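# Chain and residue survey
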Amino acid sequence: MTAVVSAQALGKRYRRRWALTDCTLEIPAGHVTGLVGPNGAGKTTLLNLAAGMLEPTTGTIEVCGGRPAAGPAQLAKVGYVAQDTPVYAGLSVQDHLTLGARLNPRWDAGLARARIAALGLDPAQKAGRLSGGQRAQLALTLGLAKRPELLILDEPVASLDPLARREFLQALMEAVAEDGFSVVLSSHLVADLERVCDHLLVLVDSRVRVAGDVEELLATHHRLTGPRRDPGSLPADQHVVSASSTDVQSTFVVRTDQPIHDPAWTVGRLTLEDVVLAYMSPGAAARPALEAVR
Amino acid sequence: MIEFSLDSRSGVAPYLQLVQQVRQAMRLGLLHEGDRLPTVKDVVAALAINPNTVSKAYRELELEGLVAARQGVGTFVTRTLAGDSLAAHDPLRRKLVRWLAEARRAGLDEESIEALFAATFRATGSGAATEQDIA
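All of the points below concern the structure found in this document. For clarity, every value in this text was computed on a predicted model and none was experimentally measured.

Looking only at helices and strands, chain A features 10 helices and 13 strands. A compact globule built from 294 residues should have a C-alpha radius of gyration of about 19 Å, and chain A, at 21 Å, falls within 12% of that. Along the first, second and third principal axes, the C-alpha set of chain A runs to 65 × 40 × 35 Å. Burial status across chain A gives 43% buried among its 294 residues.

Written out as structure tokens, the structure is:
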């Protein structure tokens with residue numbers, strides 16, 4: 001796999017507090033990768049390090065084959081839409097495009113103009129007076145017109161209403177369909193990620209709890225419900241992700257490539273959200289991280 | 001032309017949902033030989049879905065011999081499924097109707113019937129069950 005982001009023992013300390021410690025991961029190129037995890041897992045710090053907004057305290061990170069923000073060529077490769085899609089409230093829409101054109105060597109003015117027109121935005125409008133959805137679309141336009149190899153988005157849709165969220169993700173996916181750049185996006189909204197991401201990475205306490213192809217994650221995880229049983233008695237190919245039992249019943253989330261034949265189990269399908277929650281649950285954290293990167 | 005939809009609660013991978021919807025539309029006679037499927041970009045725009053997912057679904061349908069991609073023109077249905085399915089399976093369906101009636105006479109309610117079917121379906125799914133098991 002060609003990695004678009006690759007981190008080795010990466011760490012970041014703010015004064016005394018470590019926001020990220022000993023983080024090692026790879027994100028494949030040519031995919032839309034979803035980054036999920038509980039608050040405080042280090043997602044925003046990781047994305048800021050990848051974008052070159054922060055310097056690592058320990059370890060190394062490589063993005064598109066270079067050190068983040070190492071020089072103009074490297075900066076041109078990576079687009080970054082920070083948390084809550086910030087824009088300059090006092091500048092007009094046109095000012096933003098002018099600024100983009102001045103700051104970015106590969107700026108695609110035609111694309112930027114066409115997108116602003118398609119969105120029906122008035123170029124003279126001050127960005128501070130746009131709706132949340134329009135602001136997000138303006139920030140996305142700046143990221144796309146930069147023509148990056150990798151576009152990083154930190155929680156881009158968290159504060160948007162459902163319609164604006166859908167429109168934002170549609171615009172992003174259409175751009176990916178046309179230009180095929182890599183995307184890394186963090187979100188709490190796993191149901192949205194299931195549609196737009198083909199790769200997923202669950203980060204808990206700076207560690208990759210699970211990473212993989214979304215379809216493969218869906219196909220290989222099952223919920224088993226049946227008479228109480230010791231997790232150790234399951235077949236060797238069934239890796240237990242989470243387990244809970246009452247005095248008579250056991251419920252397991254397992255990962256396996258093999259079909260489940262045991263007729264004692266009721267086998268349930270899991271949504272991506274169920275899979276993510278199973279890996280994020282405290283019970284899952286108590287066990288060593290599963291070797292799930294394939 | 002058909003329109004796709006996605007059920008995010010089903011636990012079925014999005015690409016498989018698209019594949020199933022095309023097959024279903026063909027069985028129901030909504031899609032015939034020569035009909036064009038929506039372009040990848042149209043589906044992406046309509047559903048806010050990853051383009052690789054749509055491409056994968058179309059590749060899968062191509063492998064099954066149900067559609068063919070024509071460079072620069074689009075993806076077209078190459079077979080007609082409507083008609084053969086329901087009519088051809090009528091004897092099986094009649095047997096199933098008889099079995100269901102029997103199950104109800106035995107006192108099974110809908111959930112019990114579904115559970116029995118699901119458990120049996122899984123137990124025989126791998127080809128593990130033989131006529132001996134049934135006998």
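Further remarks concern the packing of helix α1 (residues 14-27) of chain B against helix α3 (residues 51-63) of chain B. Residue and element names in this part refer to chain B. Taken N-terminus to C-terminus, the directions of α1 and α3 make an angle of 45°; their axes are 8 Å apart at the nearest point. One finds that α1 runs oblique with respect to α3. Judged by the sense of rotation from one axis to the other, the crossing of α1 with α3 is right-handed. On the side of α1, the interface is formed by P14, Y15, L18, V19 and V22, while α3 contributes T53, V54, K56, A57, E60 and L61. When its residues are assigned to classes, the contact of α1 with α3 shows 8 nonpolar, 1 polar and 2 charged.

Quick look at helix α5 (residues 132-145) of chain A now. All names here are of chain A. Between its first and last C-alpha atoms α5 spans 20 Å; for 14 residues at 1.5 Å apiece the expected length is 20 Å, and the two agree. The buried count for α5 comes to 12 of 14 residues, which makes it a mostly enclosed element. When α5 is considered as a whole, its buried residues turn out to be G133, R135, A136, Q137, L138, A139, L140, T141, L142, G143, L144 and A145. Residues of α5 that are buried make contact with β5 (78-81), α3 (93-103), α4 (109-119), β6 (150-154) and α6 (162-179). Downstream of α5 by one or two residues, R147 has phi in the positive range, about 55°.

Here we take up unusual backbone geometry. Residue and element names in this part refer to chain A. One non-glycine residue, D84, lies in positive phi territory at about 60°. Counting through the fold element by element, D84 comes out in the loop between β5 and α3. On the basis of neighbour count, D84 is assigned to the partly exposed category, with 16 C-beta atoms found within 10 Å. For R147, which is not a glycine, the phi torsion comes out positive at approximately 55°. Looking at the secondary structure, you find R147 in the loop between α5 and β6.

Listed by partner, the interface residues are 24 residues for chain B and 24 residues for chain A. Mapped by element, the contributors of at least two residues to the side of chain B that touches chain A are α1, α2 (40-47), α3 and α6 (110-125) of chain B.

Residue and element names in this part refer to chain A. Strand order in the open sheet formed by 6 strands is β5-β6-β7-β3-β8-β9, and the pairing between neighbours is mixed. In the strand order of this sheet, the two ends are held by β5 and β9 (207-213), each with one partner. Each neighbouring strand pair of the sheet contributes to a mean axis angle of 15°, computed without reference to strand direction. For β6 and strand β7 (residues 182-186), the ladder comprises 5 bridges, and the chain directions are parallel. The partner of L153 across the bridge, within β7, is L185.

About the thresholds
Residues numbered from 1 in each chain as written. Chains lettered and ligands numbered in written order. Predicted model: local features only at pLDDT ≥ 70, side-chain atom pairs only at ≥ 80, totals over all residues. Helix = DSSP H or I, 4+ residues; strand = E, 2+ residues; numbered from the N terminus. Rg over C-alpha atoms; globule rule 2.2 N^0.38 Å. Buried ≥ 20, exposed ≤ 12 C-beta atoms within 10 Å, placed from the backbone. Axes fitted to C-alpha atoms, helices over the stretch in contact; angles between N-to-C directions. Parallel < 35°, antiparallel > 145°, perpendicular 65-115°, else oblique. Left-handed = near helix turned anticlockwise from the far one by under 90°. Contact = placed C-beta atoms within 7 Å. Nonpolar A, V, L, I, M, F, W, Y, C, P; charged D, E, K, R; others polar. Expected span 1.5 Å × (residues − 1). Pairing = 2+ DSSP bridges.

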